[in-house]
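Single-letter residue listing:
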Amino acid sequence: LPGGVLGLVALYVACAGFCTVAALWGIFMALTFRTQQAGPLMQQGVFLAVFLSTAYTPEVLLRGWLASVAHLNPVTYVLELARQSTVSGLEPSLTHSWPGLLALAGMFAALGALALFGLRRMGD
């Protein structure tokens, strides 16, 4: 881990944060559809968010519409936050961290609100 302790902390925050966001997405889907058949939708939503980011291909190699989508995808910034611990030459810094933290906060707020909406609707 060339990023040292700070990189490891960034990796942990990115992983735990994205897992929380994925769980909120799953809760929203479960409360919306109220059936086990929503399981694939939970997986597809997370898969598409990751697939349309820079998880599988570096940003400089992306072409066409996928490059535009990856640049707008908040998961790309979460991955940059996580990569501070594993990529040589990418020093842990606030410059590389704040976009990922902001993306996590935005996804948490949006999906948390949707999950709470589903919980409130379930109580009615």
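Residues numbered from 1 in each chain as written. Predicted model: local features only at pLDDT ≥ 70, side-chain atom pairs only at ≥ 80, totals over all residues. Heavy atoms only, no water.

Undergrad: I'd like to hear about the overall build of the protein chain, residue by residue, with values.
TA: Helix and strand counts for the protein chain stand at 5 helices and 0 strands. Along the protein chain, helices and strands appear, N-terminal first, in the series α-α-α-α-α. The C-alpha extent of the protein chain, read off along each of the three principal axes, is 55 × 35 × 20 Å. For the protein chain, the proportion of its 124 residues judged to be buried stands at 30%. Looking at the protein chain alone, contacts between residues at least 24 apart form 60% of all its contacts between residues at least 6 apart. (Helix = DSSP H or I, 4+ residues; strand = E, 2+ residues; numbered from the N terminus. Buried < 20%, exposed > 50% of the residue type's maximum accessible area, 1.4 Å probe, protein only. Contact = heavy atoms within 4.5 Å.)

Undergrad: Outline a nonpolar patch on the surface, listing residues and values.
TA: A cluster of nonpolar side chains, contributed by Val5, Val9, Tyr12, Val13 and Leu101, occupies part of the molecular surface with about 490 Å² of accessible area. No other element matches helix 1 (residues 4-33), which puts 4 residues into the nonpolar patch. For valine 5, the location among the structural elements is in helix 1. (Patch = residues over 30% accessible without salt bridge, like charges linked within 9 Å, V, L, I, M, F, W, Y side chains within 5 Å. Areas by Shrake-Rupley, 256 points an atom, 1.4 Å probe, with all protein chains shown as cover. Salt bridge = Lys/Arg side-chain N within 4 Å of Asp/Glu carboxyl O.)

Undergrad: Break down the side chain of threonine 54 for me, citing the residues and quoting the values.
TA: Following the sequence through the fold, threonine 54 ends up in the loop between helix 2 (39-51) and helix 3 (64-72). Assessed through its relative accessible area of 4%, threonine 54 is described here as buried.

Undergrad: So, helix 1: which residues are in play, and what are the values?
TA: When the terminal C-alpha atoms of helix 1 are compared, their 43 Å separation across 30 residues agrees well with the 44 Å that a helix rising 1.5 Å per residue should span. Residues Gly7, Ala10, Ala14, Gly17, Phe18, Val21, Leu24, Gly26, Phe28, Met29 and Leu31 constitute the buried set of helix 1. Residues of helix 1 that are buried sit in contact with helix 2, helix 4 (74-83) and helix 5 (94-123). At the C-terminal side of helix 1, arginine 34 shows a positive phi close to 50 degrees. (Expected span 1.5 Å × (residues − 1).)

Undergrad: Please set out the packing of aromatic side chains residue by residue, giving values where relevant.
TA: For any pair of aromatic rings, the description rests on two quantities: the centre-to-centre distance and the angle between the ring planes. Tallied over the full model, the rule gives 3 aromatic pairs. Aromatic pair phenylalanine 47 and phenylalanine 51: ring centres 5.4 Å apart, planes at 20 degrees, arrangement stacked. Here phenylalanine 47 pairs with phenylalanine 51, and both are found in helix 2, just 4 residues apart, close to one helical turn. Look at phenylalanine 47 and you get partly exposed, because its relative accessible area is 39%. Under the relative-accessibility criterion, phenylalanine 51 is labelled partly exposed at 41%. For the ring pair phenylalanine 51 and tyrosine 56, a centre distance of 6.0 Å and an interplane angle of 50 degrees mean the geometry is tilted. The class of tyrosine 56 is exposed, set by a relative accessible area of 55%. Each residue in the set Phe47, Phe51 and Tyr56 is aromatic and connected to the rest through ring pairs, giving one cluster. (Phe/Tyr/Trp six-rings, centres within 6.5 Å; stacked < 30°, edge-to-face > 60°.)

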